[in-house]
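Structural description and commentary
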Amino acid sequence: MTLYDKGTNERNLMTRYDVICPSAPWENTTTDADRAWDLCLDLSEEYGYAQVRERVNGTIIGEYTEGR
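Residues numbered from 1 in each chain as written. Predicted model: local features only at pLDDT ≥ 70, side-chain atom pairs only at ≥ 80, totals over all residues. Heavy atoms only, no water.

1. What to know about the overall build of the chain
To keep it simple, the criterion reads: Counting from the N terminus, the helices are the DSSP runs of H or I reaching at least four residues and the strands are the DSSP runs of E reaching at least two. Should any heavy atoms of two residues lie within 4.5 Å, those residues are considered in contact.
A tally of helices and strands in the chain yields one helix and six strands. When the helices and strands of the chain are read in sequence order from the N terminus, they spell out β-β-β-β-α-β-β. By sequence separation, contacts in the chain at least 24 residues apart represent 29% of the contacts at least 6 residues apart.

2. Structural notes on the pattern of salt bridges
Pairing between side chains becomes possible if they bear opposite charge and their charged atoms approach one another. Keep this limit in mind: Here a salt bridge means any side-chain nitrogen of Lys or Arg lying within 4 Å of a carboxyl oxygen belonging to Asp or Glu.
A full pass over the atoms with the stated rule returns one salt bridge. Here aspartate 18 ties to arginine 55 by a salt bridge, and the two come within 3.1 Å at their closest N and O atoms. Linking aspartate 18 in strand β3 (residues 17-20) with arginine 55 in the loop between β5 (49-54) and β6 (60-65), this pair joins segments that are 37 residues apart in sequence.

3. What about the sheet that holds β6?
How we decide: Pairing between strands is defined by DSSP: at least two bridges between the two strands are required. Here an angle of 0 to 180 degrees is reported between the N-to-C directions of two axes, which are lines fitted to C-alpha atoms, with helices fitted over the stretch in contact.
Spatial ordering of the open sheet is given by β4-β3-β5-β6, a layout of four strands whose pairing is antiparallel. Every interior strand has two partners, whereas the edge strands, β4 (29-31) and β6, have only one. When strand polarity is set aside, the average angle formed by the axes of neighbouring strands in this sheet is 20°. Note that β3 and β5 share four bridges and pair antiparallel. In the sheet register, isoleucine 20 faces β5, and the bridge partner there is glutamine 51. Packed on one face of the sheet, helix α1 (residues 33-47) meets β3, β4, β5 and β6 and runs near 155° to β5.

4. Remarks on the state of the cysteines
Should the sulfur atoms of two cysteines be covalently bonded, the bond is a disulfide. In plain terms, the rule: The rule for a disulfide is simple: a pair of cysteine sulfur atoms within 2.5 Å. In this scheme, a residue with accessible area under 20% of its type's maximum is buried, one over 50% is exposed, and one in between is partly exposed, where area comes from a 1.4 Å probe on protein chains only.
Tallied over the entire structure, the rule returns zero disulfides. No disulfide involves cysteine 21; its nearest neighbouring cysteine sulfur is the one of cysteine 40, lying 8.4 Å away. When its relative accessible area of 0% is taken as the criterion, cysteine 21 is described as buried. For cysteine 40, a relative accessible area of 0% corresponds to the buried category.

What follows is the structure, encoded as structure tokens:
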């Protein structure tokens with residue numbers, strides 16, 4: 001996904017990640033890397049398990065189980 005700065009029309013090659021929580025699908029979201037890992041940890045503490053996937057191809061790049 002390529003994002004553009006509306007003011008300058010410059011490309012921002014920010015990579016987006018999906019945060020998936022099977023126990024709470026309404027919590028699933030897409031965000032940047034830093035927010036994805038924070039959210040993944042929080043969701044695993046609350047619901048037991050969560051994972052971070054690459055947005056482009058769906059590859060699981062990491063997961064937390066019960067906050068670990």
